[in-house]
Each structure stands twice: as C-alpha cells, then as structure tokens.
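# A look at the structure
What follows is each chain in one-letter form.
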Amino acid sequence: MHAAHSLAVITGAGISSESGVPTFRGPGGLWKNHRAQDLATPEAFARNPQLVHDWYCWRREICAKARPNPAHEAVARLEKDYKEFLLITQNVDGLHRRAGNHKLIEIHGNIFKSYCTACQHHLDQNASPAIALPLDCSQCGGRMRPDIVWFGEGYNAAQVEMAFTFLKSADLVIVIGTSGMVPMPVYLAQHAAEAGARILDINPDFSAVTKIADLHLIGPAGLIMPKLLA
Ligand code: NAD
Ligand code: ZN
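Secondary structure assignment for the chain yields nine helices and eleven strands. Its C-alpha atoms give the chain a radius of gyration of 18 Å, within 12% of the compact-globule value 17 Å for 230 residues. Referenced to the eigenvectors of the C-alpha coordinate spread, the extents of the chain come out at roughly 55 × 35 × 30 Å. The contacts in the chain between residues at least 6 apart in sequence include a share of 64% that link residues at least 24 apart. Of the accessible surface of the chain, which amounts to about 11,100 Å², a share of 55% is contributed by carbon and sulfur atoms. The centroid of the 21 positive side-chain charges in the chain is displaced by 3 Å from the centroid of its 21 negative side-chain charges.

Here is the structure:
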C-alpha cells in the first residue's frame, strides 16, 4: 500500500450498503415486486415512465437520507494521501462526493441529475437532493429522465477513456463492493493488472473481481477500509 505512488479505487453498490442504500441483487433490491434490472432500462421508461419515475423518487429519497460511511471516508482520505489518484464509481448515490472526493468519475451517472429527452435541458439537484425529480421539463414540457446509464445503454466514451488511461500507469487498484455482474469494473481492473498494477478486492463475497485480484480481503468495506488505512 505504502509502496504505491499511483492509486485507483473502483467502487460498486457494496460500499454504500452500510449507509443503507440497497444493492440491486442483495436484500432490499426489490421494489413493489419489480426487479431493479427491469426498471433501470430505456424500454421500461418508454413503456411506463411514471413507474420508473416513482422508483427513482423512492431511491433518491434513500440516497438523500443516507450518510457516507467509514469506507467512503477512507476513500476520501486516500485522495488526500496520494498525489496520483482516481476514483471510478459505478454508484449513482453521490455519497463519494459528499465524503469529499473530487477526483472521481461517476461512470453510471448521478441520481440527483436529470435531463430532458426532448431538448436536453440539464438539471443538477445534487446540492438540494430533497427536491422531487420532475417528470416534465420546465423549458419545453418534454419528458425528464435521470442522468443515469441504464442497462443496455452505452458509457460516456470520454469518461471511460480517462479511466483506462489512468489505470495504465496505476501501481495499485482497490476494488470495493462490486460483483462484476456489470462487467466494466472487471475490464478496468484487468487492464490495470495487465499494465502491472496490483489488484486488491474488498468484498464479503467472491466475485468476478476476486479471480483477477492479488489479494481478497473478505468482509464489509466499512470495517476493512479504516483498518487498511491504519
Ligand atoms: P454490484 O454488482 O456492484 O454488487 C454489489 C457487491 O457488493 C456484491 O458483490 C456484494 O457481495 C458486495 N457487498 C455487499 N455488501 C458489502 C459491504 N458491506 N462491503 C463491501 N462489499 C459489499 O451492485 P448491484 O447491486 O448488483 O448493482 C449493479 C449496478 O447498479 C451498479 O453498478 C450501480 O450502478 C447500480 N447501483 C447503484 C447503487 C448506488 O448508487 N449505491 C445501488 C444499487 C445499484
Ligand atoms: Zn425540455
């Protein structure tokens, strides 16, 4: 850890579970008998925008009430400790920003941001998360949608390129709370490993990341991360 100069951290839903934000596949992942994987899609939004909108309002409320946990705080401290640092998160809950991270890429977007599908008007409610997500655009009356990369949608190419470029020269990559069911974190870690980085996996379970990790620390991130820093 101390020998590393360039550190990347990749996080998934698991890091926020101790803050009370449910993962999609763990307990609490079901909402009114719908699976998250069936709601976070462009098809679901086209079919029933109100249903998807209601689900996002419910999730936004959970994220707004949640507080960063000791694992988020540890990741924020790592950004201060390492000159060369990048956090790549799949999480949309905004908790890393609230913990104090600035050098971060939210590759799946942010639940407090939305945009109009007709005129592209953007709305950022990150600073006032308690305000409800509007379904109609204030500018043109078109339909607003969360600024989130849904299942079946593409990533922002510039963001992904930035992540791959950083990982090429990283010495150490810490992957926290990601199953690899969405494969991008595994590709990112693999790319870094091939370029010479050590991979540290932190997860109470085995995952697709474990297979390519040099070390797997088994347990909840909120317990392990502060110990790792100490
Ligand atoms: P995921 O695929 O990233 O899986 C969650 C992983 O976290 C699992 O491997 C699980 O073993 C692990 N985990 C559970 N508790 C943990 C803990 N205390 N410490 C460390 N690891 C722990 O996530 P998913 O729930 O299958 O969701 C897939 C995608 O959906 C994510 O990539 C994300 O974009 C989105 N999502 C985001 C949030 C959020 O923003 N908080 C929540 C749910 C889903
Ligand atoms: Zn509009």
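What follows continues from the structure just given.
A few words on the pattern of salt bridges. The final tally for this structure, using the stated rule, is five salt bridges. With a shortest N-O distance of 3.2 Å, aspartate 38 and arginine 35 are connected by a salt bridge. Note on aspartate 38: relative accessible area 40%, which makes it partly exposed. As a salt-bridge pair, glutamate 153 and arginine 145 come within 2.8 Å of each other at their nearest N and O atoms.

At asparagine 33, a residue that is not glycine, the phi angle is positive and equals roughly 70°. Positionally, asparagine 33 belongs in the loop between β2 (30-31) and β3 (34-35). For glutamine 120, which is not glycine, the phi dihedral falls at a positive 70°. By the secondary structure assignment, glutamine 120 is in the loop between β6 (109-116) and β7 (122-124). Owing to a relative accessible area of 45%, glutamine 120 belongs among the partly exposed residues under this scheme.

What follows is about the sheet that holds strand β11 (residues 215-217). Strand order in the open sheet formed by six strands is β5-β4-β1-β9-β10-β11, with parallel pairing between adjacent strands. One side of each edge strand has no neighbouring strand; the edge strands of this open sheet are β5 (104-106) and β11. Ignoring strand direction, the axes of neighbouring strands in this sheet form an average angle of 15°. Pairing between strand β4 (residues 84-89) and β5: three bridges, direction parallel. Within β5, the position partnered with leucine 87 by the bridge is leucine 104.

Take the pairing of strand β9 (residues 172-176) next. Burial analysis of β9 places five of its five residues in the buried class, the great majority of the element. By the alternation rule, side chains of β9 split into Leu172, Ile174 and Ile176 and Val173 and Val175, which are all buried. For the handedness criterion, the β-α-β arrangement of β9, helix α8 (residues 184-194) and strand β10 (residues 198-202) is classed as right-handed.

Here glutamate 79 lies in helix α5 (residues 70-81). Look at glutamate 79: it is buried, it has no salt bridge, and the nearest opposite charge is lysine 103 at 5.6 Å. The contact partners of glutamate 79, leaving out residues within four places of it in the chain, are Phe85, Asn101, His102 and Lys103.

What follows is about the site of ligand 1. Residues in close proximity to ligand 1 total 25 residues, the closest being Phe24, Arg25, Gln90, His108 and Ser179. Between ligand 1 and aspartate 93, the relevant distance is 2.6 Å, taken from a nitrogen atom to a side-chain nitrogen or oxygen of the residue. In the model, an oxygen atom of ligand 1 is placed 2.4 Å from a nitrogen or oxygen of the serine 179 side chain. About the coverage of ligand 1: the protein hides 91% of its 840 Å² of free accessible area. Of the residues forming the shell around ligand 1, the biggest block, three residues, is contributed by helix α1 (residues 14-17).

Another aspect to go through is the sheet that holds β7. Strand order in the open sheet formed by three strands is β7-β6-β8, with antiparallel pairing between adjacent strands. Two strands in the sheet have a free side with no partner beyond their single neighbour: β7 and β8 (144-148). Put simply, the sheet's adjacent strands are angled 35° from each other on average, direction ignored. Bridge count for β6 against β8 is five bridges, and the pairing is antiparallel. Note that in β8 the partner of glycine 109 across the bridge is isoleucine 148.

What counts and what doesn't
Residues numbered from 1 in each chain as written. Chains lettered and ligands numbered in written order. Predicted model: local features only at pLDDT ≥ 70, side-chain atom pairs only at ≥ 80, totals over all residues. Heavy atoms only, no water. Helix = DSSP H or I, 4+ residues; strand = E, 2+ residues; numbered from the N terminus. Rg over C-alpha atoms; globule rule 2.2 N^0.38 Å. Contact = heavy atoms within 4.5 Å. Areas by Shrake-Rupley, 256 points an atom, 1.4 Å probe, with all protein chains shown as cover. Lys, Arg positive; Asp, Glu negative; His and termini not counted. Charge placed at Lys NZ, Arg CZ, Asp CG, Glu CD. Salt bridge = Lys/Arg side-chain N within 4 Å of Asp/Glu carboxyl O. Buried < 20%, exposed > 50% of the residue type's maximum accessible area, 1.4 Å probe, protein only. Pairing = 2+ DSSP bridges. Axes fitted to C-alpha atoms, helices over the stretch in contact; angles between N-to-C directions. Right-handed = clockwise from strand over helix to strand, strands pointing away. Near = heavy atom within 4 Å. Polar contact = N/O pair within 3.5 Å; in protein donor to acceptor, adjacent residues only side chain to side chain.

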